[in-house]
Amino acid sequence: SIVSSSSEGEASSSSSSELEGGSSSSESSSSSSSEPSVMWNSAALDLFGTSTSVPQGSIQTGASSLTLTAKGGSVNTSNRKFFFAHQTVTGDFVFTARLASVSVAGGGAFTVVNNNQFRYGLLVTEAITPVSSYPELGRFAELGFFTLSNTPTFQASRAVKLDMGGATTQSRSNGTWAVGDYLRIKRTGNSIELSTSSNGVDFSVANTSSFIDANNNPIANSLEVGFFSASGADELVLAFDNISITQ
């Protein structure tokens, strides 16, 4: 099925064998407990900031795969704008997917390079509603990449925001995993573990941290998990497979 959305719009969904239109989400055909059999929603989110780079995109889903095509947006402490294919998960979970490939739509060249505000990958976040300042953004953790050069080469990246309110901000650093690797976000209580694997069996921890409440903003039990893209001017095609959510 195919789902498309533009900035601040809810997704529209259709079966791949039908005309576009219909409901606001896309249902995977798998009923396995280890694969996401509930609905994938998608939205172009403008949560904070004054950037004029408007996120937009679409998704195409399979039993345990998802292709996200998106452009626009940026994610840093001045802006939080991205396209998001997501579902709600309550309590502890393990969310795993392999980013099989990254390409420019239509076979074009990569132009937005060596800028870590234009990232894409896996994301877990508390809230997807707009706020007036960066500290008010919900807690989040992301694991993915940004485009390093137009060869292309890709830089692994992870980022977390562990609290809300006060002067809270994100922590971001680069990593060594590669496109084609498996990415995993695991929640146990308030602990969030980010890990990667080249074979889907042996995972190495990229970051472990815990959501905290130092400013009287309770930590949510239900979080939004999924795939995000803030790729700037390049319209990227992100192909994910081997998707599973276990609880």
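Our structure is the block above this text.
As the structure is a prediction and not an experimental result, all values here were calculated from the model.

K.L.:
Looking at this structure, how should I read the overall build of the chain?
P.N.:
Helices and strands together make up the secondary structure of the chain, namely 0 helices and 18 strands. Classification of the 247 residues of the chain by burial places 51% in the buried group. The contacts in the chain between residues at least 6 apart in sequence include a share of 68% that link residues at least 24 apart. Carbon and sulfur atoms make up 45% of the accessible area of the chain, which amounts to about 10000 Å² in all.

K.L.:
Got a minute to help me understand the pattern of salt bridges in this structure?
P.N.:
A side chain of one charge can pair with a side chain of the opposite charge if their charged atoms are brought near each other. Scanning the model with the defined rule gives 6 salt bridges in all. Its salt-bridge partner being Asp241, residue Arg98 comes within 2.8 Å of it at the nearest N-O pair. Here Asp241 lies in strand β18 (residues 232-246) and Arg98 lies in strand β9 (residues 93-104), a separation of 143 residues in the sequence. Given a relative accessible area of 21%, Arg98 falls into the partly exposed group. Residues participating in the shared-partner salt-bridge network are Arg80, Arg119 and Glu142.

K.L.:
Can you walk me through the environment of Ala220 in this structure?
P.N.:
Structurally, Ala220 can be placed in the loop between β16 (204-210) and β17 (222-229). Given a relative accessible area of 23%, Ala220 falls into the partly exposed group. What Ala220 contacts, discounting residues up to four positions off in sequence, is Glu126 and Arg187.

K.L.:
Please explain the pairing of β18 as it appears in this structure.
P.N.:
Alignment of strand β6 (residues 66-72) against β18, held across 6 bridges, turns out to be antiparallel. Across the sheet, the residue bridging to Thr69 is Val237, located in β18. Where β9 and β18 come together, 9 bridges link them in antiparallel fashion. Residue Val102 lies in a different strand from β18, and its bridge partner there is Leu238.

K.L.:
What should I look at first to understand the packing of aromatic side chains in this one?
P.N.:
For any pair of aromatic rings, geometry is given as the distance between the ring centres together with the angle between the planes. Under the criterion given, the structure shown has 7 aromatic pairs. For the pair Phe82 and Phe228, a centre-to-centre distance of 6.1 Å together with 85 degrees between the ring planes defines the contact as edge-to-face. Separated by 146 residues along the polypeptide, Phe82 in strand β8 (residues 80-90) and Phe228 in strand β17 bring together distant segments of the chain. The residues Phe82 and Phe228 share a single accessibility class, namely buried. Taken together, a centroid distance of 5.4 Å and an interplanar angle of 70 degrees make the contact between Phe95 and Phe227 edge-to-face. Of the two residues, Phe95 sits in strand β9 while Phe227 sits in strand β17, which places them 132 residues apart along the sequence. Comparing Phe95 with Phe227 shows no difference in burial state: the two are buried. One aromatic cluster is present, built from ring pairs that chain together Trp40, Phe95, Phe227 and Phe240. The ring of Phe140 carries Arg80 above its face, with NZ or CZ at 3.8 Å from the centroid.

Calculation rules
One numbering rule holds for all chains: residues counted from 1, following each sequence as written. Per-residue local features of the predicted model are confined to residues with pLDDT of at least 70, and side-chain atom pairs are confined, for both listing and counting, to 80 or more; whole-chain, interface and lining totals are unaffected and use all residues. Side-chain calculation: all heavy atoms of the structure are included, whereas hydrogens and water are not. Secondary structure elements are defined from DSSP: runs of H or I of at least 4 residues count as helices, runs of E of at least 2 residues count as strands, and each element is numbered from the N terminus. The classification of residues rests on relative accessible area computed with a 1.4 Å probe and restricted to protein chains. Under 20% of the type maximum is buried, over 50% is exposed, and intermediate values are partly exposed. Note on contacts: a residue pair qualifies if any of its non-hydrogen atoms lie within 4.5 Å across the two residues. Per-residue and other accessible areas were derived by the Shrake-Rupley procedure at a 1.4 Å probe size, with only the shown protein chains allowed to occlude residues. The salt bridge criterion pairs a side-chain nitrogen of Lys or Arg with a carboxyl oxygen of Asp or Glu, the two atoms within 4 Å. Any two strands with at least two DSSP-identified bridges between them are counted as paired. Two aromatic rings, drawn from Phe, Tyr or Trp (for Trp, its six-membered ring), form a pair once their centres lie within 6.5 Å of each other, and the interplanar angle then sorts them: stacked below 30 degrees, edge-to-face above 60, tilted otherwise. A ring is considered to have a charge above it if a Lys NZ or an Arg CZ atom is located within 6 Å of its centre and within 35 degrees of its normal.

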